[in-house]
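Chain and residue survey
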Amino acid sequence: MTTGDVRPRSGDDNTRFRLTVVDQALRLFAEKGYEATTVDEIAEAAGISRRTFFRQFRSKEDVIFADHESQLAQAADFLAASRGDPWETVCEAVVQVFERFTQWREIAARRYQVVRRVPALREREIVTVFRYERLFTDYLRDRLPEVPDLARVQYTAAVTATHNYLLRRMVRGESDAGAADLRVELAAIPRGGGRHPGADELVVAVFPRDTPPRQVADLVARKLGSL
């Protein structure tokens, strides 16, 4: 037992507590290796007891993906509360996930480095990605029962893959793409298994000469998505 045992609370406090443990675990995994790091070492680094660790996490593997549990729960709550266009709601849920990972960029980057070295963790990551897809697909099934199921599955796979592509480029230091860039890419994904409504129409947009290109693209994508 450590001398300063941190007791997690509910809500935001518990999320911050868990992220602190995740951060320390990933730091140790990066320095010592995943297999060589013990639960006791993680608990000591995080300032908690072994007992507290196992109240929050089932294993070392669970620590690595703990923030995903929070992400999935927040995305599910957002979907359940939304009353807007279902396709747009899924996109916004994906953007919110991306923005939170951007806030925790160092944790995401450390996890990427650890996971890519351990085959078992890569398999767990694949399962985690599928859980996002299933969450979004189930939501579309509930809100859009008339849409062919294959179209829903294809859409959620595409939005999730787009998110993951931009996120991985970010954590590898290859891109500084933000939420606006993700929104532009998501808006280009066909909805309902076909082209966007009005795909054969000519659209003319006028902007001040000094408008930043990224802002132009974001505004156009938003307007086209609402047609």
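Since we're looking at a predicted model, the values are computed, not measured.

**Some details on the confidence of the model for the chain**
When pLDDT is averaged along the chain, the result is 84; 79% of the residues meet or exceed 70. For the chain, helix α11 (residues 213-225) is the element with the lowest average pLDDT, namely 62, and helix α10 (residues 179-187) is the one with the highest, namely 95. Taken together, the stretch residues 1-10 has pLDDT below 50 and engages in 24 contacts with residues farther than four places along the chain or on a different chain. Contacts for the low-pLDDT stretch residues 195-202, under 50 throughout, to residues beyond four places or in other chains number seven contacts.

**Some words on empty space enclosed by the protein**
Under the counting rule described, the total for this entry stands at one cavity of 30 Å³ or more. Considered as a void within the structure, the largest cavity measures approximately 290 Å³ in volume. The wall of the largest cavity is formed by 18 residues, among which His68, Phe101, His163, Asn164 and Leu167 lie closest to the centre. Of all the elements in the fold, those that place two or more residues in the lining of the largest cavity are α6 (86-103), α7 (105-115), α8 (119-143) and α9 (149-171). Top element by residues in the lining of the largest cavity is α9. It accounts for six residues. Each residue belonging to the lining of the largest cavity can be placed in one class, and the counts come to ten nonpolar, five polar and three charged.

Rules used in this analysis
- Residues numbered from 1 in each chain as written.
- Predicted model: local features only at pLDDT ≥ 70, side-chain atom pairs only at ≥ 80, totals over all residues.
- Heavy atoms only, no water.
- pLDDT = per-residue confidence, 0-100.
- Helix = DSSP H or I, 4+ residues; strand = E, 2+ residues; numbered from the N terminus.
- Contact = heavy atoms within 4.5 Å.
- 1 Å grid on protein atoms, 1.4 Å probe; cavity = no way out; pocket = protein on both sides within 12 Å on 5 of 7 lines; lining within 4 Å.
- Points joined across faces, edges and corners; volume = space filled by probe spheres on them.
- Nonpolar A, V, L, I, M, F, W, Y, C, P; charged D, E, K, R; others polar.

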